[in-house]
Amino acid sequence: MAGRTFLAIPGPTNIPDSVLAAFRRPAVDFGTDEFAAFTNELWADLEALFGAHRVMAYPSVGHGAWEATLNNLLEPGDAFLLPQNGLFATRWADMATANGFSPQPIEVDIRRAPDPALIYDALVADTAHSLVGVFVAHTETSAGTLANLAAIREAIDAAGHPGLFVVDAIASFATDPVPMADIGIDVVLASSQKGLMMPPGLSFSAVSQRALERNARVATPRSFFSWSERIDPEWVYQRFGGTPPVQHLFALREAVDLIHAEGGIDAVCARHYRFATAARACFDEWGDGFEINATELPEQASAVTCIRAPGMVADHISIEEVLRTAHDEFGVAASHAMSELRTKAFRVGHLGDMNEPMLLGALAGIECAFRRHGVAHHSGLEAAMASLTTNDSAGHTGNDLNSGSVSYL
Ligand SMILES: *Cc1c(COP(=O)(O)O)cnc(C)c1O
């Protein structure tokens, strides 16, 4: 097929040409002063971008950041809250259990964000303060939902609980605001292949001073993923637990520069909200046969929308085949849904390196596949164009509707 396939999956995301080009730079000697200076400068920018005290990096996919964060903060048997808002939260909990820790689930409707009031109740009930903290998937990529970080922070404070606040922002970093310094988040996890517009292979735990204080007390055996040498490395090798992933770092430099050039992370999040708003205008227009999984606007992630398709299920039209047609004939990669939604829903990613024609092209390609398969729908392209050219999303820095406070009295 001529032209590019438009990636509308929630990761890996489209890679800008300048980021790809960074991978073509020749190998360098990482032991030079020049490379150390390059890395230190990049790290200062990264710490500012996260609002973090320190940033740990691992040459690894996001699962590595998950495991590293668990093993650096928890001791065997330690309990912590982990709301079950979807498949990623479940997989993280399973990993914690496999590592000998004790995640305590908070039930979440798959169409909603975690309820801060339930988190509050669980923390208040923990009078001995034995829970290490609250770990939460911010954008739950499987469901397209967005947790309310400010409200969860309020819940922790209102309960008077000293626990840590740990956020999986793998899909939300640089797509919706993750106000680490502003509200006080202790660890923010990220990975290269989502909002950072890079290939997979580099993941991060951005940490607060409090997280490091706990880390220093936690005696859990760990080696490669240990933070101790990464905190204040004497030389660049220690930052990565081995040979620095040189080309990934060149690419990361470029990605951070692109974020700065766009006007900073707030501007990047504002673009994501604008595109998510346009995409949802399209999906709403499709009609009764479709429903956005996340029922409340403030809980809809700017990175990805999960769309239920009860009309296709009723008409016995295979979602998988429609997605295959979108890909093979119309050059658009959208994504199947996960676990119990797998045959009932699909997902459209609108994150990373994306502009208006890429978004509109992706929506149009999906509608072409609908036509090919006789899927009952009204075209939403007009609504998406109207949304992009009017002020539907003006004044929003990402989904900042999602910071309403909750009363606990
Ligand atoms: C993608 C994703 C992960 C897993 O990242 P990998 O790089 O595939 O290990 C974890 N959590 C969330 C919320 C994600 O979107």
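Residues numbered from 1 in each chain as written. Predicted model: local features only at pLDDT ≥ 70, side-chain atom pairs only at ≥ 80, totals over all residues. Heavy atoms only, no water.

Colleague: I keep staring at the sheet that holds strand β12 (residues 304-308) and nothing clicks. Help me out?
Modeller: Consider a sheet: its strands pair through backbone hydrogen bonds, and that pairing is either parallel or antiparallel. Strands sit in the order β11-β12-β15-β14 across an open sheet of four strands; the sheet is antiparallel. The outermost strands of the open sheet, each flanked by one partner alone, are β11 (291-292) and β14 (335-336). As defined by bridge partners, β11 adjoins β12 across two bridges and the pair is classed as antiparallel. Directly across from Glu291, in β12, lies its bridge partner Arg308. (Pairing = 2+ DSSP bridges. Helix = DSSP H or I, 4+ residues; strand = E, 2+ residues; numbered from the N terminus.)

Colleague: How should the side chain of His272 be read in this particular structure?
Modeller: Inspection of the secondary structure assignment puts His272 in helix α12 (residues 265-285). Residues within four places of His272 in sequence aside, it is in contact with Ala174, Thr175, Ser302, His350, Leu351 and Gly352. (Contact = heavy atoms within 4.5 Å.)

Colleague: How should the nonpolar core be read in this particular structure?
Modeller: Side chains of a nonpolar character, in soluble globular proteins, are inclined to be buried together. In this structure, Phe50, Phe173 and Phe204 are the most contacted members of the largest nonpolar core, which totals 57 residues. Ranked by the residues each element gives to this core, the list is headed by helix α11 (residues 246-262), at eight residues. The residues that make up this core include at least three from each of domain 1 (6-11 + 264-399) and domain 2 (17-261). Discounting chain neighbours no more than four positions away, the residues touching Phe173 are Leu49, Phe50, Val178, Ala190, Gly195, Leu196 and Ile265. Formed by 32 residues, the second largest nonpolar core is a distinct cluster that contains Trp286, Val332, Ala334 and Val375. (Core = buried A, V, L, I, M, F, W, Y, C linked by side-chain atoms within 4.5 Å. Buried < 20%, exposed > 50% of the residue type's maximum accessible area, 1.4 Å probe, protein only. Domains from an automatic or database assignment.)

Colleague: Sorry, what's going on with the domain arrangement of the protein here?
Modeller: As a measure of interface size, the accessible area lost when the parts come together is often cited. The domain boundaries assigned to the protein delineate domain 1 (6-11 + 264-399) and domain 2 (17-261). A straight line from the C-alpha centre of domain 1 to that of domain 2 covers 27 Å. Between domain 1 and domain 2, the contact holds 33 residues from the first and 26 residues from the second. Contact between domain 1 and domain 2 buries roughly 2400 Å² in total, counting both sides, with carbon and sulfur atoms accounting for 59%. The three residues of domain 1 that bury the most area against domain 2 are Ile265, Glu299 and Met338, which together make up 23% of that side's buried surface. Our count for the domain 1 to domain 2 interface comes out at two salt bridges. On inspection of domain 1 and its partner domain 2, the count reaches 13 residue pairs in polar contact (both at pLDDT 80 or more). Of all the elements in the fold, those that place two or more residues in the side of domain 1 that touches domain 2 are α12, β11 and β12. Considering every element that reaches the side of domain 1 that touches domain 2, the biggest residue donor is α12, with four residues. (Buried area = accessible area lost by both parts, 1.4 Å probe. Salt bridge = Lys/Arg side-chain N within 4 Å of Asp/Glu carboxyl O. Polar contact = N/O pair within 3.5 Å; in protein donor to acceptor, adjacent residues only side chain to side chain.)

Colleague: Whenever I open this one, the packing of α12 against helix α15 (residues 356-373) confuses me. Can you help?
Modeller: The description of two helices packed together rests on the angle between their axes and the distance between the axes. At a minimum axis separation of 11 Å, α12 and α15 run at an interaxial angle of 20°. Taken together, the axes of α12 and α15 are roughly parallel relative to one another. Seen from above, α12 lies across α15 with right-handed handedness. Note on element contacts: α15 touches α12 through Glu356, Leu359, Leu363 and Glu367, opposite Arg274, Phe275, Ala278, Ala279, Cys282 and Phe283. Here the contact of α12 with α15 is composed, by residue class, of seven nonpolar, no polar and three charged. (Axes fitted to C-alpha atoms, helices over the stretch in contact; angles between N-to-C directions. Parallel < 35°, antiparallel > 145°, perpendicular 65-115°, else oblique. Left-handed = near helix turned anticlockwise from the far one by under 90°. Nonpolar A, V, L, I, M, F, W, Y, C, P; charged D, E, K, R; others polar.)

Colleague: Please clarify how the pairing of strand β3 (residues 79-84) should be interpreted in this entry.
Modeller: Looking down a regular strand, the side chains alternate between one sheet face and the other. Counting buried residues along β3, six of its six residues qualify, which places the element largely inside the surrounding structure. As defined by bridge partners, β3 adjoins strand β4 (residues 102-107) across six bridges and the pair is classed as parallel. Bridging across to β4, Gln84 finds its partner in Glu107. Summarising the sheet, β3 and strand β5 (residues 131-137) pair through two bridges and their orientation is parallel. Across the sheet, Ala79 pairs through a bridge with Leu131, a residue of β5.

Colleague: Would you explain the site of the ligand in this entry?
Modeller: Taken together, 13 residues surround the ligand, and among them Gly62, His63, Thr141, Gln193 and Lys194 come closest. Here an oxygen atom of the ligand sits 2.4 Å away from a polar atom, N or O, in the side chain of Thr141. Within the contact set of the ligand, a nitrogen atom lies 2.8 Å away from a side-chain nitrogen or oxygen of Asp168. For the ligand, the accessible surface in isolation is 380 Å², of which the surrounding protein chains cover 90%. The element that contributes the greatest number of residues to the shell around the ligand is helix α3 (residues 62-73), accounting for three residues. (Near = heavy atom within 4 Å. Areas by Shrake-Rupley, 256 points an atom, 1.4 Å probe, with all protein chains shown as cover.)

Colleague: What is the right way to look at the pattern of salt bridges in this model?
Modeller: Opposite charge on two side chains permits them to pair, given that their charged atoms come into close proximity. In this structure the tally under the stated criterion is 13 salt bridges. Here Asp257 and Arg253 are joined by a salt bridge, their closest N and O atoms 2.8 Å apart. Pair noted here: Asp257 and Arg253 are both in helix α11, with a separation of four residues, about one helical turn. Here Arg253 falls in the buried class, since its relative accessible area comes to 13%. One salt bridge in this structure joins Glu329 and Arg372, with 2.5 Å as the shortest N-O distance. Of the two residues, Glu329 sits in helix α14 (residues 319-330) while Arg372 sits in helix α15, which places them 43 residues apart along the sequence. Residue Glu329 is classed as partly exposed on the basis of its relative accessible area of 39%.

Colleague: Would you take a moment to explain the sheet that holds strand β10 (residues 203-207) for this structure?
Modeller: Reading across the sheet, the seven strands line up as β2-β10-β9-β8-β5-β3-β4 and stay open at both edges, with mixed pairing between neighbours. Two strands bound the open sheet, and with one partner strand each, they are β2 (54-58) and β4. Strand-to-strand twist across the sheet, computed as the mean angle between neighbouring axes with direction ignored, equals 20°. Running over the sheet, helix α4 (residues 87-98) touches β3, β4, β5, β8 (164-168) and β9 (187-191) and is turned about 155° from β3.

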